[in-house]
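If you want the building blocks of each chain, they are given just below.
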Amino acid sequence: MLYTRTAETLFIIDHRKHSFTALDQGQVSQISQQAEQLMPMLQGFGEQLRNLSPQQKAKWQQILGDSISVDDIATAAAPASSAHIVKTGQGKNVAGIDCEQMNVLQGSTKTAEFCLADPSNLKLSGDDYDTVRSLLRFSESLASRTQGLAGRFGVKIPQLQVHDLAGVPVEMKDFSGRSQSSLTLNRIITTEVSGDLMQVP
């Protein structure tokens, strides 16, 4: 993944297919509009799934596979509880970087946690820190605009305002799905990279 702050564009690279997808705010808005048009149909689909017999649900689950739960789609039509961040005051050390653990609660359920580090602990320049904060704002915009559509498929994306908290997330764990997923910072390289190397083909 590459991100450019000046153009506010995220490049998602698929090394296996030797391809990439570029996302900017204009494309995010377009995706959001298309998702809104699909919402009534998907909401009706979720309501129909709730009324299926166990045998019919099992058949649909076989069609959808293990990655998407029929029960999650059926319950996604209900409005989600608002998510909020709770500071735990507990310190951790991730990849040699001191950080503070934060919990994400959806209602009273813990759906995620992340560890927030002071930028001085990462030895980031002011310009690099501004780029990280810009990426966080972009990611939150993408999550907020696709939350409704993702919810219809059982993917629960909390709407958070992480950029309101000073610092950089160096570890994130998601407990909202059927299996836990996590992202952890391994290292930071601050040496300058050649502009030719960073060109998108």
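The coordinates are above.
Asker: Sorry, what's going on with the overall build of the protein chain here?
Answerer: Counting its regular elements, the protein chain contains 5 helices and 8 strands. The order of α-helices and β-strands along the protein chain, N terminus first, is β-β-β-α-α-α-β-β-β-α-α-β-β. Sequence separation of 24 or more characterises 53% of the internal contacts of the protein chain that already satisfy a separation of 6 or more. Only carbon and sulfur atoms are counted for the fraction: they give 52% of the accessible area of the protein chain, which is about 12900 Å².

Asker: Which parts of the structure should I look at to understand the environment of Glu-100?
Answerer: Inspection of the secondary structure assignment puts Glu-100 in strand E5 (residues 97–106). On the basis of relative accessible area, Glu-100 is assigned to the partly exposed category, the value being 28%. Distance from Glu-100 to Ala-117, taken between C-alpha atoms, is 6.4 Å for residues 17 residues apart in sequence. Discounting chain neighbours no more than four positions away, the residues touching Glu-100 are Lys-87, Thr-88, Gly-89, Gln-90, Phe-114, Cys-115 and Leu-116. At 3.3 Å, the side chain of Glu-100 forms a polar contact with the backbone nitrogen of Gly-89.

Asker: Help me understand unusual backbone geometry in this model?
Answerer: Of note, the phi angle at Glu-8 is positive, near 45°, even though the residue is not glycine. For Glu-8, the location among the structural elements is in the loop between strand E1 (2–4) and strand E2 (9–14).

Asker: Which parts of the structure should I look at to understand the pairing of E2?
Answerer: Put simply, side chains in a regular strand alternate between the two faces of the sheet. Relative to E2, E1 runs antiparallel, the two sharing 3 bridges. Considered in E2, the bridge of Leu-2 is made with Phe-11. Taking the residues that link successive antiparallel strands as the turn, the E1-E2 hairpin has 4 residues, and the phi of Glu-8 there is positive, at about 45°. By the bridge criterion, 6 bridges tie E2 to strand E3 (residues 19–24) in an arrangement that is antiparallel. Bridging from a neighbouring strand, Thr-9 pairs with Asp-24 of E3. In textbook terms, the turn of a hairpin is the stretch between consecutive antiparallel strands, and for E2 and E3 this stretch comprises 4 residues, one of which, His-18, has a positive phi near 55°.

Asker: I tried to follow the nonpolar core on my own but got confused; where do I start?
Answerer: Side chains of a nonpolar character, in soluble globular proteins, are inclined to be buried together. Grouped together as the largest cluster of nonpolar side chains are 9 residues: Val-94, Ile-97, Cys-99, Cys-115, Ala-117, Leu-122, Tyr-129, Val-168 and Val-170. Within the residue set of this core, elements represented by two or more residues are E5, strand E6 (109–117) and strand E7 (168–174). The contact partners of Val-168, leaving out residues within four places of it in the chain, are Cys-115, Leu-116, Ala-117, Leu-122, Leu-124, Tyr-129 and Val-132.

Asker: Would you mind showing me how to read the pattern of salt bridges here?
Answerer: Between side chains of opposite charge, a pair can form as their charged atoms come close. In the structure shown here, the tally under the stated rule is 3 salt bridges. Residue Glu-171 pairs with Lys-92 through a salt bridge whose shortest N-O separation is 2.5 Å. Of this pair, Glu-171 sits in strand E7 while Lys-92 sits in strand E4 (residues 83–94), and the two are 79 residues apart along the sequence. Between Lys-110 and Glu-113 there is a salt bridge, with the nearest N and O atoms lying 2.6 Å from each other. According to the relative accessible area criterion, Glu-113 is buried, its value standing at 10%.

Asker: Quick question: what am I supposed to make of the sheet that holds E1 here?
Answerer: The 3 strands lie next to each other as E1-E2-E3, forming an open sheet whose pairing is antiparallel. With partners counted over all chains shown, the strands left at the sheet margins are E1 and E3, one partner each. Within the sheet, the average angular offset between the axes of one strand and its neighbour, ignoring direction, is 15°.

Asker: Please explain the side chain of Thr-9 as it appears in this structure.
Answerer: Within the element layout of this structure, Thr-9 appears in strand E2. Looking at Thr-9, its side chain comes within polar contact range of the main-chain oxygen of Ala-7, at 3.0 Å. Excluding anything up to four places from it in sequence, Thr-9 contacts Leu-2, Tyr-3, Thr-4, Ala-22, Leu-23 and Asp-24.

What counts, and at which threshold
Residues numbered from 1 in each chain as written. Predicted model: local features only at pLDDT ≥ 70, side-chain atom pairs only at ≥ 80, totals over all residues. Heavy atoms only, no water. Helix = DSSP H or I, 4+ residues; strand = E, 2+ residues; numbered from the N terminus. Contact = heavy atoms within 4.5 Å. Areas by Shrake-Rupley, 256 points an atom, 1.4 Å probe, with all protein chains shown as cover. Buried < 20%, exposed > 50% of the residue type's maximum accessible area, 1.4 Å probe, protein only. Polar contact = N/O pair within 3.5 Å; in protein donor to acceptor, adjacent residues only side chain to side chain. Pairing = 2+ DSSP bridges. Core = buried A, V, L, I, M, F, W, Y, C linked by side-chain atoms within 4.5 Å. Salt bridge = Lys/Arg side-chain N within 4 Å of Asp/Glu carboxyl O. Axes fitted to C-alpha atoms, helices over the stretch in contact; angles between N-to-C directions.

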